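For reference, the chains in residue letters:
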Amino acid sequence: MFEILKHFESKYGTLKKKGLRIEGLSMIDPKRKKHVIMISKPFIFDNRLLPKKYEGLDIKSKIEGGLPKEFAFNKDAMNKEYVWAPIKFEKYVDRCSEEIRKQFGNPDMSRNEMLDALAFGNFEEHKKKSLQLMAEGKIPPFKMN
């Protein structure tokens, strides 16, 4: 398993310049002996550059640093508000598109590319999954506009 981590580090280690931290392996389910590769990254990070899985291991990430005001939440309201609601990504991109383009070093980046980069690699997939989870009652309800 450490070989998989070494391969991951050699393949994606260059992203450390963009703020990626590879934290190592973590066991998230001791009963099933399920391991993941743990990473941390800044909020403004091009998630399209990372896979969701690598050689059979899921990639689990956490955001390091602050979140934009669109994603701010009250800890008391955590179960009442979905932090990653799709509309929040849209509002943030609409408000800060020039800053995002500059951060990614791509002055021609489209709105959809920014949404994909920030929303876990695929904005439309995130939106669809969020709506499904909301319908199943697994996340708090959120507005779409």
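That block above? That's the structure.
Below, the structure is looked at part by part. What you are looking at is a predicted structure, and each value in this text was computed from that prediction instead of being measured.

### Thoughts on the packing of helix α2 (residues 86–104) against helix α3 (residues 111–118)
Turning to step 1, where the next piece is worked out: Two numbers describe how α2 lies on α3: the axes approach to 9 Å, and their chain directions differ by 95°. One way to sum up the angle between α2 and α3 is to call them roughly perpendicular. Taking contact as the criterion, the partners of F89, E90, Y92, V93, D94, S97, I100, R101 and F104 in α2 are, on α3, R111, M114, L115, A117 and L118.
Turning to step 2, where the next piece is worked out: Residue composition of the contact of α2 with α3, grouped by class: nine nonpolar, one polar and four charged.

### Looking at the nonpolar core
Turning to step 1, where the next piece is worked out: Among the nonpolar cores identified, the biggest contains 15 residues, and F43, F89, Y92, V93, I100 and L118 are the most heavily contacted of them.
Turning to step 2, where the next piece is worked out: At the level of secondary structure, the elements contributing two or more residues to this core comprise α2 and α3.
Turning to step 3, where the next piece is worked out: Looking at this core, the element that brings in the most residues is α2, giving five residues.
Turning to step 4, where the next piece is worked out: Not counting residues up to four positions away in its chain, the partners in contact with V93 are I100, R111, M114, L115 and L118.
Turning to step 5, where the next piece is worked out: In this structure, I4, L5, L20 and I22 belong to the second largest nonpolar core, which totals 14 residues.

### Section: unusual backbone geometry
What is expected of a backbone is that most residues other than glycine have negative phi and most peptide bonds are trans.
Turning to step 1, where the next piece is worked out: At K33, a position not held by glycine, the phi torsion is positive, near 55°.
Turning to step 2, where the next piece is worked out: Considering the arrangement of structural elements, one finds K33 in the loop between β1 (21–29) and β2 (34–42).

Procedures and definitions
Each chain has its residues counted from 1, running along the sequence as written. Reporting of local features is limited, given that this is a predicted model, to residues whose pLDDT is at least 70; pairs of side-chain atoms are given and counted only at 80 or more, and all residues count toward the totals for whole chains, interfaces and linings. For side-chain calculations, the full set of non-hydrogen atoms in the structure is used, while hydrogens and water are omitted. All axes here are fitted lines through C-alpha atoms, helices being fitted over the stretch that makes contact, and every angle between N-to-C directions spans 0 to 180 degrees. Secondary structure follows DSSP: runs of H or I at least 4 residues long count as helices, runs of E at least 2 residues long count as strands, and numbering of each begins at the N terminus. Angle categories: roughly parallel below 35 degrees, roughly antiparallel above 145, roughly perpendicular from 65 to 115, and oblique for all the rest. Two residues form a contact once any of their heavy atoms are found within 4.5 Å. Any residue outside Ala, Val, Leu, Ile, Met, Phe, Trp, Tyr, Cys, Pro, Asp, Glu, Lys and Arg is labelled polar, Gly included; the first ten of those are nonpolar and the last four are charged. In these notes, a set of buried Ala, Val, Leu, Ile, Met, Phe, Trp, Tyr and Cys residues joined through side-chain atoms within 4.5 Å is what counts as a nonpolar core. Summary of the burial criterion: residues with accessible area below 20% of their type's maximum are buried, those above 50% are exposed, and those between are partly exposed, where the area comes from a 1.4 Å probe applied to protein chains only.

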